[in-house]
Amino acid sequence: QVQLVESGGGLVQAGGSLRLSCAASGRTFSNYAMGWFRQAPGEEREFVVTVSRTGTGTYYEDSVKGRFTTSRDNAKNTLYPQMNSLKPEDTAVYYCAARTLPALSDRISDYDYWGQGTQVTVSS
């Protein structure tokens, strides 16, 4: 099994940036495709980005394309989403997720492990 711990959230002004981190336990981190999802109050959890097991393949939700990027360091078992040009509508709890298959996915049901989430709040 895998344990995921998110960090890096906080309060920022619109137009600012945050760099999140997802640290994973285990020695097979490089075998997992990873994803980030977010959930705003009163809304369903939605897809943000997924990254392949090697870090060379990514897929972003349309609303964050050009603003968010992501990378992974398999040696450190850590995933680093970089969020730029943040908007108030980006305010949500952000969750790191992992699946035991290497293929990219934007479906919540395809992920096997989840972190506890980190709060991102963007003020206008």
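Everything here concerns the structure above.
Here goes a summary of the coordinates provided. Source: prediction; values computed, not measured.

### Focus on the overall build of the protein
Reasoning step 1: Per the secondary structure count, the protein includes 0 helices and 12 strands.
Reasoning step 2: Helices and strands in the protein line up, N terminus first, as β-β-β-β-β-β-β-β-β-β-β-β.
Reasoning step 3: Taken over the C-alpha trace, the protein has a radius of gyration of 13 Å; the compact-globule value for 124 residues is 14 Å, and the two agree within 12%.
Reasoning step 4: Each of the three principal axes of the protein carries a C-alpha extent, and together these read 40 × 25 × 25 Å.
Reasoning step 5: Intrachain contacts of the protein at a sequence separation of at least 6 include 59% that bridge at least 24 residues.
Reasoning step 6: Total accessible area on the protein stands at roughly 6,300 Å², and carbon and sulfur atoms take up 46% of it.
Reasoning step 7: For the protein, the separation between the mean place of its 12 positive charges and that of its 12 negative charges on side chains is 8 Å.

### A word on the pairing of strand 1 (residues 4-7)
Reasoning step 1: The two faces of strand 1 differ: L4 and E6 on one face are buried, but V5 and S7 on the other face are not.
Reasoning step 2: Where strand 1 and strand 4 (residues 21-24) come together, 4 bridges link them in antiparallel fashion. For L4, the partnering residue across the bridge sits in strand 4 and is A24.

### Observations concerning the nonpolar core
Reasoning step 1: Grouped together as the largest cluster of nonpolar side chains are 26 residues, with contacts concentrated most on L4, M34, W36, F68, M83 and Y94.
Reasoning step 2: Contributions of two or more residues to this core are made by strand 4, strand 5 (33-39), strand 6 (46-51), strand 9 (78-83), strand 10 (92-99) and strand 12 (118-123).
Reasoning step 3: Contact partners of M83, with chain neighbours within four places excluded, come to G16, S17, L18, L20, R67, F68, Y94 and V120.

### Considering the pattern of salt bridges
Reasoning step 1: Within the structure shown, the criterion is met by 4 salt bridges.
Reasoning step 2: Residues D90 and R38 are paired through a salt bridge, measuring 2.9 Å at the closest nitrogen-oxygen approach. One end of the pair, D90, is in the loop between strand 9 and strand 10; the other, R38, is in strand 5, and 52 residues separate them in sequence. Each member of the pair, D90 as well as R38, carries the same accessibility label: buried.
Reasoning step 3: The partner of D90 in a salt bridge is R67, with the nearest N and O atoms 2.8 Å apart. In this pair, D90 is assigned in the loop between strand 9 and strand 10 and R67 in the loop between strand 7 (58-60) and strand 8 (68-73), connecting sequence segments 23 residues apart. One exposure class covers both D90 and R67, and it is buried.
Reasoning step 4: Put simply, R38, E46, R67 and D90 are held in one network by salt bridges that share partners.

Rules and cut-offs
- Residues numbered from 1 in each chain as written.
- Predicted model: local features only at pLDDT ≥ 70, side-chain atom pairs only at ≥ 80, totals over all residues.
- Heavy atoms only, no water.
- Helix = DSSP H or I, 4+ residues; strand = E, 2+ residues; numbered from the N terminus.
- Rg over C-alpha atoms; globule rule 2.2 N^0.38 Å.
- Contact = heavy atoms within 4.5 Å.
- Areas by Shrake-Rupley, 256 points an atom, 1.4 Å probe, with all protein chains shown as cover.
- Lys, Arg positive; Asp, Glu negative; His and termini not counted.
- Charge placed at Lys NZ, Arg CZ, Asp CG, Glu CD.
- Buried < 20%, exposed > 50% of the residue type's maximum accessible area, 1.4 Å probe, protein only.
- Pairing = 2+ DSSP bridges.
- Core = buried A, V, L, I, M, F, W, Y, C linked by side-chain atoms within 4.5 Å.
- Salt bridge = Lys/Arg side-chain N within 4 Å of Asp/Glu carboxyl O.

These values are about where atoms sit, not about what they do.
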